[in-house]
Amino acid sequence: MEFTEPFKQTGPCCFSPNARYLAVAVDYRLVIRDVMSFKVVQLFSCMDKISYIEWAQDSEYILCGLYKKPMIQAWSLAQPEWTCKIDEGPAGIAYARWSPDSRHILTTSEFQLRLTVWSLLNTACIHVPWPKHASKGVSFTKDGSFAAICTRRDCKDYVNLISCQSWEIMGVFAVDTLDLADVEWSPDDTAIVIWDSPLDYKVLIYSLDGRCLSKYQAYESGLGVKSVSWSPNGQSLAVGSYDQMLRVLNHLTWKVFAEFMHLSTLRAPCSAAVFKEVDEPLQLDMSELSITDDFTQQNSEYGPPFIDVRYDVMELPITLPFQKPPADKPNPKQGIGIMSWSKDSQYICTRNDSMPTVLWIWDMNLLELAAILIQKDPIRAAAWDPTCTRLVLCTGTSHVYMWTPSGAYCVNVPLPQFSVMDLKWDFNGSCLLLKDKEVFCCAAVPLLSDDSNSDYSSDD
């Protein structure tokens, strides 16, 4: 892997959908860099510090959320002199997003008073009263034809089906939820999944005409659903719960066909490979070197000596590090907090929040555990390569960690005092964005074919 030099950032960073540009927030400035050369191709000045960035689907426009102001500013790469400013006045703006046609912006006001659709083609705007959430509760079909917008009135949750061409409401139906958490279209645009708040375990599948196709409830007492995700091929729906279990439903009968438990002790028989991160101190023979006290004191300011890490393959049985959440505090750190499908829908990775240093990788073809990665520090982010079966994760250290079906390996980031707090793939899988608190860098990742059987080591 080849790394760029570090660049300054103070907020969100985002690749364009065409994978040609990288947008970076630096205080009130929006910096657009070319992904190949990392040269600045455009520089826009906003009216306040940038809190949020989102590209339009055609990669021609980009919006900046200035939530402290609060307002939205949009810019055009093709026409740098073109500007757009959206201000809701006293209602404020809590969130903004692009429509699939890249010519409309949807904003949600403070206190969820209304959702407004703003047109970039004319001055028209359309209001949807009482949206359920600010950043959630809105989902578009994959072909961009329709939007499902959740609203709440008279203590009841509703789904509004809206045409993304005319922005007219095509239908409204009530849903059987106490406090709707979110909504998501299926990848084939034939069904809508809705799930309730953690206080009531309920996953509902609706057709486009408002018929409830299925209602799933794993249990009644205790905290319920924490995360929901469709597989890319649309054949499976994964549901992560607070009971530390992953359940997977099929798209034909909407019945559970797989249940995976995240146990604190792993015993045989189990075919999963267990990789544990261990320290590998740099071995140097310094017996014949003479180092002055001034040199030693000067270098002590730069922190501990360089320590490399590697993965060791562990034998079963093995006890995994487990943290029991306190019973007297809200929002317990337990349940499936991270859940992500590989692009071919064969694997799904999960993190049980009561075991924050452990990443589980499940094989959905064999319906079994494929691998476990045990890190020294809590896992902050994990992302699948959008082009092949390769998983990358970070833990807030100077390393990134990769897993493929052929093995796992650690990669050191060769930048001084750089800790990887977050990471993102570009849309063609060739560039990996690594974020620290105030800087970022990018890594050129070698292409990996799905049928590659090469073995990896920590030295790669």
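- Where an unreviewed UniProt entry is consulted, the protein chain appears under the name WD repeat-containing protein WRAP73, with the organism given as Ambrosia artemisiifolia.

### A closer look at the side chain of H399
Step number 1: Locating H399 in the fold gives a position in strand β37 (residues 399-404).
Step number 2: With a relative accessible area of 4%, H399 lands in the buried category.
Step number 3: Engagement of the side chain of H399 in a polar contact is seen with the side chain of S398, the distance being 3.5 Å.

### As for the pairing of strand β28 (residues 273-281)
Step number 1: Judged from the four bridges that link them, β28 and strand β34 (residues 368-374) form a sheet pairing that is parallel. Paired with F275 across the two strands is L373, which belongs to β34.
Step number 2: Sheet topology note: the β28/strand β29 (residues 307-313) ladder contains seven bridges and is antiparallel. Within β29, the position partnered with D279 by the bridge is V309.

### Structural notes on the sheet that holds strand β23 (residues 225-230)
Step number 1: Spatial strand order, β23-β24-β25-β26: four strands in an open sheet with antiparallel pairing. Whereas interior strands pair on both sides, the edge strands pair on one side only; in this sheet they are β23 and β26 (256-261). Ignoring which end each strand starts from, the neighbouring axes of this sheet average 20° apart.
Step number 2: In this sheet, strand β25 (residues 245-250) lies alongside strand β24 (residues 236-241) in antiparallel orientation, the contact comprising five bridges. Opposite S236, over in β25, you have N250 as the bridge partner.

### A few points about the nonpolar core
Step number 1: By size, the foremost hydrophobic cluster in this structure holds 22 residues, and its most contacted members are L246, L320, I348, W360 and I372.
Step number 2: Taken together, the elements giving at least two residues each to this core come down to β25, β26, β31 (336-341), β33 (358-363) and β34.
Step number 3: Each residue touching L320, except ones within four places of it in the same chain, is listed here: L263, S264, M355, V358, W360, I372 and I374.
Step number 4: Membership of the second largest hydrophobic core comes to 19 residues, among which are Y409, L423, W425 and L432.

### A short note on the pattern of salt bridges
Step number 1: Inspection of the entire model under this criterion finds 18 salt bridges.
Step number 2: For D157, the salt bridge goes to K132, with nearest N and O atoms at 3.3 Å. Of this pair, D157 sits in strand β17 (residues 156-163) while K132 sits in the loop between β14 (125-129) and β15 (138-140); the two residues are 25 residues apart in sequence, bridging distant segments of the chain. Just as D157 is buried, K132 falls in that class too.
Step number 3: Between K215 and D176 there is a salt bridge whose closest N-O contact spans 3.7 Å. Of the two residues, K215 sits in strand β22 (residues 212-216) while D176 sits in the loop between β18 (169-174) and β19 (180-185), which places them 39 residues apart along the sequence.
Step number 4: Of the residues examined, D176 reaches a relative accessible area of 35% and is grouped as partly exposed.
Step number 5: Salt bridges linked by common partners bring K132, R152, D157 and D179 together as one network.

### Things to note about the packing of aromatic side chains
Step number 1: Counted under the stated rule, the structure contains 19 aromatic pairs.
Step number 2: Look at F7 and F440: their rings are 5.5 Å apart centre to centre, the planes differ by 35°, and that puts the pair in the tilted class. In this pair, F7 sits in strand β2 (residues 7-8) while F440 sits in strand β41 (residues 439-444), placing the two residues 433 residues apart along the sequence. Grouping residues by exposure puts F7 and F440 together as buried.
Step number 3: Consider the rings of W230 and W254, whose centres lie 5.9 Å apart with planes at 75°: the pair is edge-to-face. Here W230, found in strand β23, pairs with W254, found in the loop between β25 and β26; they are 24 residues apart in sequence, far enough to count as distant.
Step number 4: A relative accessible area of 10% means that W230 is categorised as buried.
Step number 5: On the basis of relative accessibility, which here comes to 11%, the residue W254 falls in the buried class.
Step number 6: Through pairs of rings, three or more aromatic residues link up here, namely F7, F38 and F440.
Step number 7: Between the NZ or CZ atom of R29 and the centre of the ring of Y28, over which it lies, the distance is 5.2 Å.

### A short note on the sheet that holds strand β9 (residues 71-76)
Step number 1: Pairing is antiparallel in the open sheet, where four strands are placed in the order β7-β8-β9-β10. Strands with a single pairing partner mark the edges of an open sheet, and in this sheet they are β7 (52-55) and β10 (83-86). Across this sheet, the average inter-strand angle for adjacent strands is 20°, counted without regard to direction.
Step number 2: Bridge analysis of β9 against β10 gives four bridges, and the strand direction is antiparallel. Paired with I72 across the two strands is I86, which belongs to β10.

### Quick look at a nonpolar patch on the surface
Step number 1: A cluster of nonpolar residues, F111, L113 and W130, forms a patch on the protein surface that exposes about 380 Å² of accessible area.
Step number 2: With respect to the helices and strands, F111 occurs in the loop between β12 (104-108) and β13 (114-119).
Step number 3: F111 gets classed as exposed once you look at its relative accessible area, which sits at 72%.

### Section: the state of the cysteines
Step number 1: Under the defined criterion, the tally for this structure stands at zero disulfides.
Step number 2: The cysteine C84 is free of any disulfide, with C64 supplying the nearest cysteine sulfur at 11 Å.
Step number 3: Sulfur of C388: no disulfide; nearest cysteine sulfur belongs to C349 and is 14 Å away.
Step number 4: Overall, the relative accessible area of 1% leaves C388 in the buried class.

### Points about unusual backbone geometry
Trans is the common state for peptide bonds, and a negative phi is the common state for residues other than glycine.
Step number 1: The omega torsion of the bond from A268 to P269 falls at 0°, within 30 degrees of zero and hence cis.
Step number 2: Take P269: it is sitting in the loop between β27 (265-266) and β28.
Step number 3: Look at the link from L316 to P317: it is a cis peptide, with omega at 0°.
Step number 4: Locating P317 in the fold gives a position in the loop between β29 and β30 (318-319).
Step number 5: Backbone geometry at Q112 places phi at a positive 50°, although glycine is not the residue there.
Step number 6: The residue Q112 is located in the loop between β12 and β13 in this model.
Step number 7: A positive phi angle, near 60°, is found at W130, a position not held by glycine.
Step number 8: Structurally, W130 can be placed in the loop between β14 and β15.

What counts as what
Residues numbered from 1 in each chain as written. Predicted model: local features only at pLDDT ≥ 70, side-chain atom pairs only at ≥ 80, totals over all residues. Heavy atoms only, no water. Helix = DSSP H or I, 4+ residues; strand = E, 2+ residues; numbered from the N terminus. Buried < 20%, exposed > 50% of the residue type's maximum accessible area, 1.4 Å probe, protein only. Polar contact = N/O pair within 3.5 Å; in protein donor to acceptor, adjacent residues only side chain to side chain. Pairing = 2+ DSSP bridges. Axes fitted to C-alpha atoms, helices over the stretch in contact; angles between N-to-C directions. Core = buried A, V, L, I, M, F, W, Y, C linked by side-chain atoms within 4.5 Å. Contact = heavy atoms within 4.5 Å. Salt bridge = Lys/Arg side-chain N within 4 Å of Asp/Glu carboxyl O. Phe/Tyr/Trp six-rings, centres within 6.5 Å; stacked < 30°, edge-to-face > 60°. Lys NZ or Arg CZ within 6 Å of the ring centre and 35° of its normal. Patch = residues over 30% accessible without salt bridge, like charges linked within 9 Å, V, L, I, M, F, W, Y side chains within 5 Å. Areas by Shrake-Rupley, 256 points an atom, 1.4 Å probe, with all protein chains shown as cover. Disulfide = S-S within 2.5 Å.

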